[in-house]
Amino acid sequence: MEISDTTPAFRTLQQRRLDAEHSLQNVFSEVLAGAGHAGYASAEPLESDEPLPTQIQEAWDGWFQLELQGRYRTTEAPRELGKQYGDLIQNAYENGGYVAPKAYLSSLSKDEMAVVQGIHHLANPIQVDSLSEEGAMNLLIPPAAQVDMNRDGLTQSGAAWGLRFPDSTTPTPVAQAFEAATEGMDWGERGLYELQMKLPTLLANFHVDESGAFAYQVEPGDPRFVNPMADPEYSYVDYADSYLGYLEAFKSRIDPIQYANGKAFWTDFQNELIANTAS
């Protein structure tokens, strides 16, 4: 048998992690759809004929096993924690947890709540009554598949807000373009571009006075918090163009390697996005 670099056995750890993330997102998008909620905009239909509980378990196990050397490498007794959380999300699916997440969380024992806290690396014990619907829901969803239910550009897990890109609201062509443009990057470099992609939302909530000095910041959860990326007219192509313009304007002040890497990423992202949109 001829073996090529595209043979699955030769997939990098990053590629395997992305595959596992996609699998979780696909499965939990189906779970959420059944409960009347939106999942990932970029999720693909499930191809397997296996019962959904089986697919939940398989997707969770596949992702968690890879994260034993990543997210959970310093966790005490991680395999037991993973098994307990796997049992818990199965139970949540079978008992209406994704229809009424706060009610389901309130029904859990102290030990079960500790499992949820451990999986999501939450510093403080969970106070269910104070959680938003999104914050509660995402405690019952593995970290890689959590959703931005209110489309504010942030993904809330428990009481904490997090940034991610692509997130559950990112259109498929954009998600595909980003992953193509970041292929082969280490997680630190990819994380830099994830942050840059979310800058429009972050900067839209910083306000200055008439002199241009910082005046105040609108915090997540405030009704005044805005997410320009949720606007149907928002253009990722235009944003890439503006970032390329920024790099050219400040080229003399930017480290040459940082400039070259940034220009390569934003050019690749824009080209991939145009190609995906045209296809």
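Residues numbered from 1 in each chain as written. Predicted model: local features only at pLDDT ≥ 70, side-chain atom pairs only at ≥ 80, totals over all residues. Heavy atoms only, no water.

Q: How would you explain the overall build of the protein if you had to name every residue and give the values?
A: When its secondary structure is counted, the protein shows 11 helices and 4 strands. For a compact globule of 279 residues, the expected C-alpha radius of gyration is about 19 Å, and the protein comes in at 20 Å, within 12% of that figure. Scored against the burial criterion, the 279 residues of the protein give a buried share of 42%. Distance between charge centres in the protein, computed from 17 positive and 41 negative side chains, equals 6 Å. (Helix = DSSP H or I, 4+ residues; strand = E, 2+ residues; numbered from the N terminus. Rg over C-alpha atoms; globule rule 2.2 N^0.38 Å. Buried < 20%, exposed > 50% of the residue type's maximum accessible area, 1.4 Å probe, protein only. Lys, Arg positive; Asp, Glu negative; His and termini not counted. Charge placed at Lys NZ, Arg CZ, Asp CG, Glu CD.)

Q: Break down the packing of helix H1 (residues 13-34) against helix H2 (residues 52-67) for me, citing the residues and quoting the values.
A: The contact between H1 and H2 brings their axes to 9 Å, and the two run at 150 degrees. Considering the angle they form, H1 stands roughly antiparallel to H2. As for the relative orientation of H1 and H2, their crossing is left-handed in sense. Where H1 approaches H2, its residues Leu 13, Arg 16, Arg 17, Ala 20, Glu 21, Ser 23, Leu 24, Val 27, Phe 28, Glu 30 and Val 31 are matched on the opposing element by Leu 52, Gln 55, Ile 56, Ala 59, Trp 60, Gly 62, Trp 63, Leu 66 and Glu 67. Of the residues in the contact of H1 with H2, the class split is 12 nonpolar, 3 polar and 5 charged. (Axes fitted to C-alpha atoms, helices over the stretch in contact; angles between N-to-C directions. Parallel < 35°, antiparallel > 145°, perpendicular 65-115°, else oblique. Left-handed = near helix turned anticlockwise from the far one by under 90°. Contact = heavy atoms within 4.5 Å. Nonpolar A, V, L, I, M, F, W, Y, C, P; charged D, E, K, R; others polar.)

Q: A description of the packing of aromatic side chains should follow, citing residues and the corresponding values.
A: How two aromatic rings sit relative to each other is given by the distance of their centres and the angle of their planes. Counting across every chain of the model gives 20 aromatic pairs. When the ring of Tyr 239 is compared with that of Trp 266, the centres are 5.4 Å apart and the planes differ by 85 degrees; the resulting orientation is edge-to-face. Of this pair, Tyr 239 sits in helix H10 (residues 236-249) while Trp 266 is found in helix H11 (residues 256-278), placing the two residues 27 residues apart along the sequence. With respect to burial, Tyr 239 and Trp 266 carry one shared label: buried. Site record: aromatic cluster; members linked through ring pairs are Phe 165, Phe 178, Tyr 193, Tyr 234, Tyr 236, Tyr 239, Tyr 243, Tyr 246, Phe 250, Phe 265, Trp 266 and Phe 269. (Phe/Tyr/Trp six-rings, centres within 6.5 Å; stacked < 30°, edge-to-face > 60°.)

Q: Could you give an account of a nonpolar patch on the surface, with specific residues and numbers?
A: Together, Leu 203, Phe 206 and Phe 214 give the surface a local cluster of nonpolar side chains, amounting to about 330 Å² of exposed area. With respect to the element layout, Phe 214 can be found in strand S4 (residues 214-217). (Patch = residues over 30% accessible without salt bridge, like charges linked within 9 Å, V, L, I, M, F, W, Y side chains within 5 Å. Areas by Shrake-Rupley, 256 points an atom, 1.4 Å probe, with all protein chains shown as cover. Salt bridge = Lys/Arg side-chain N within 4 Å of Asp/Glu carboxyl O.)

Q: I'd like a description of the environment of Ile 274, backed by residues and values.
A: Structurally, Ile 274 is set in helix H11. Judged by relative accessible area, which is 43%, Ile 274 ranks as partly exposed. Along the chain, Ile 274 and Ala 177 lie 97 residues apart, while their C-alpha atoms are 8.6 Å from each other.

Q: I'd like a description of unusual backbone geometry, backed by residues and values.
A: The residue after Phe 165, namely Pro 166, is reached through a cis peptide bond having omega -5 degrees. A positive phi is found at Ala 77, a non-glycine position, where the angle reads about 45 degrees. Relative to the elements of secondary structure, Ala 77 occurs in the loop between H2 and helix H3 (78-94). Of note, His 121 is a non-glycine position whose phi angle comes to about 55 degrees, a positive value. Secondary-structure assignment places His 121 in the loop between helix H5 (110-119) and helix H6 (133-139). Look at His 121 and you get partly exposed, because its relative accessible area is 43%.

Q: Describe in detail the confidence of the model for the protein, supporting the description with residues and values.
A: Here the protein shows a mean pLDDT of 93. Residues at 70 or above account for 96%. Within the model, pLDDT remains below 50 along residues 1-9, and this stretch shows 3 contacts once partners closer than five positions in the same chain are excluded. (pLDDT = per-residue confidence, 0-100.)

Q: So what's going on with the environment of Leu 32? Residues and values would help.
A: The residue Leu 32 is located in helix H1 in this model. Judged by its relative accessible area of 2%, Leu 32 falls in the buried class. Residues Leu 32 and Ile 141, spaced 109 residues apart in sequence, show a C-alpha to C-alpha distance of 9.7 Å.

Q: Could you give an account of a negative patch on the surface, with specific residues and numbers?
A: On the surface, Asp 49, Glu 50, Glu 58 and Asp 61 cluster together into a patch of negative charge. Residue classification places Glu 58 among the partly exposed residues on the basis of a relative accessible area of 42%.

Q: Which residues make up the packing of H3 against H5, and what are the values?
A: Between H3 and H5, the shortest axis-to-axis distance is 10 Å and the interhelical angle comes to 110 degrees. By the angle between their axes, H3 is roughly perpendicular relative to H5. Considering only the axes of H3 and H5, their crossing is left-handed. Of the residues in H5, those touching H3 at Leu 81, Gln 84, Tyr 85 and Leu 88 are Glu 112, Val 115, Val 116, Gly 118 and Ile 119. Taken together, the residues of the contact of H3 with H5 sort by class into 6 nonpolar, 2 polar and 1 charged.

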